[in-house]
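An overview of the molecular structure
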Amino acid sequence: MKNQQPQKRILQVIRNLFELKIAKENLIKTYQENPQLYKSVTQNLKEKIDLEKSDIVALDVDLENLKTAYENKDFDKINLIDEQILKEQERVNWELKEITLKNR
């Protein structure tokens with residue numbers, strides 16, 4: 001995927017970013033609707049939701065960074081941002097899957 005044409009590559013990274021944003025919004029909504037599903041010993045649910053919301057705001061910064069990296073043809077930076085997005089997406093998707101399993 002890293003050897004794609006620059007325009008296709010940046011569009012893929014932006015798509016990943018928006019998919020992550022949607023996943024985080026779904027996670028927040030799920031916790032707000034089913035607070036009993038949140039059982040972390042490290043923080044309370046309000047802190048968790050606030051953290052996820054601030055992460056969503058931070059994704060806008062990633063979008064700006066992507067734009068700058070693309071304009072500067074800094075493909076290493078684009079790939080780094082994408083790796084971070086995909087890692088976070090994996091965490092959020094795992095958490096959503098865990099919630100689904102607990103909710104059965």
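First, a word on what this report is: a plain description of the structure on this page. All residue numbers refer to positions counted from 1 along the written sequence of the respective chain. Local features in this predicted model are restricted to residues whose pLDDT is 70 or higher, and side-chain atom pairs enter the listing and the counts only when it is 80 or higher, whereas totals over whole chains, interfaces and linings include all residues. Note that the side-chain values use all heavy atoms of the structure and ignore hydrogens as well as water.

Here we come to the overall build of the chain. A count of helices and strands for the chain gives 3 helices and 0 strands. Its helices and strands taken in sequence order, the chain reads α-α-α from the N to the C terminus. Projected onto the principal axes, the alpha-carbon positions of the chain cover approximately 45 × 25 × 20 Å. Out of the 104 residues belonging to the chain, those deemed buried represent 35%. The contact criterion used throughout is that any non-hydrogen atoms of two residues lie within 4.5 Å. Long-range pairs, those at least 24 residues apart, make up 72% of the contacts in the chain between residues at least 6 apart in sequence. Only the protein chains shown count as cover for residues, and all accessible areas are computed by the Shrake-Rupley method using a 1.4 Å probe. As displayed, the chain offers around 7,000 Å² of accessible surface, 53% of which is attributable to carbon and sulfur atoms. Two residue types count as positive, namely Lys and Arg, and two as negative, namely Asp and Glu; His and chain ends fall outside the count. Note on charges: their place is set at NZ of Lys, CZ of Arg, CG of Asp or CD of Glu. Measuring between centres, the 19 positive side-chain charges of the chain sit 4 Å from its 19 negative side-chain charges. The helix and strand labels rest on DSSP assignments: H or I over at least four residues marks a helix, E over at least two residues marks a strand, and numbering proceeds from the N terminus. Remark: exposure states derive from per-residue accessible area (1.4 Å probe, protein chains only) relative to the maximum for the residue type, with buried under 20%, exposed over 50%, and partly exposed in between.

Our next topic: the nonpolar core. Residues L27, Y31, L66, I78, I85 and V92 are the most contacted members of the largest nonpolar core, which totals 22 residues. Taken together, the elements giving at least two residues each to this core come down to α1 (6–33), α2 (45–71) and α3 (75–102). The dominant element in this core, judged by the number of residues it contributes, is α1, at 8 residues. If we ignore the near neighbours within four places in the chain, the residues touching L66 are I10, V13, I14, L17, I78 and I81. What is meant by a nonpolar core is a set of buried Ala, Val, Leu, Ile, Met, Phe, Trp, Tyr and Cys residues, joined one to another through side-chain atoms within 4.5 Å.

Right, let's get into the layout of surface pockets. Here the largest pocket is characterised by a volume of approximately 170 Å³. A 1.4 Å probe that fits but cannot get out identifies a cavity on a 1 Å grid over protein atoms alone, an open set with protein on both sides within 12 Å along at least five of seven lines counts as a pocket, and a residue lines either if it has an atom within 4 Å of a point. Every residue along the wall of the largest pocket is listed here: Y31, L37, Y38, K39, S40, W94, E95, E98, I99 and K102. For the lining of the largest pocket, the leading source of residues is α3, giving 5 residues. Amino acid classes used here: Ala, Val, Leu, Ile, Met, Phe, Trp, Tyr, Cys and Pro are nonpolar; Asp, Glu, Lys and Arg are charged; the rest, including Gly, are polar. Here the residues of the lining of the largest pocket are counted per class, giving 5 nonpolar, 1 polar and 4 charged. Grid points are joined across faces, edges and corners, and a volume is the space filled by probe spheres set on the points.

Time to look at the pattern of salt bridges. We define a salt bridge as a contact between a side-chain nitrogen of Lys or Arg and a carboxyl oxygen of Asp or Glu at a distance within 4 Å. Applying the stated criterion to the full structure yields 12 salt bridges. In this structure, the salt-bridge partner of E52 is R91, at a minimum N-O distance of 2.8 Å. A residue pair is termed long-range when its members are at least 10 positions apart, and E52 in helix α2 and R91 in helix α3 qualify at 39 residues. Salt bridges linked by common partners bring K24, K48, E52, D55, E88, R91 and E95 together as one network.

This part takes up the packing of α1 against α3. With their axes 9 Å apart at the nearest point, α1 and α3 run at an angle of 30 degrees to one another. Considering their axes alone, α1 and α3 lie roughly parallel with respect to each other. Classified by chirality, the crossing of α3 by α1 is left-handed. Among the residues forming the contact of α1 with α3, the class breakdown is 15 nonpolar, 6 polar and 7 charged. Note on method: axes are straight lines fitted to C-alpha atoms, helices fitted across the in-contact stretch only, with angles between N-to-C directions ranging 0 to 180 degrees. Oblique is the label for any angle not under 35 degrees, not over 145, and not in the 65 to 115 range, which are roughly parallel, roughly antiparallel and roughly perpendicular in turn. The hand of a helix crossing depends on one turn: near helix anticlockwise from the far one by less than a right angle means left-handed, and clockwise means right-handed.

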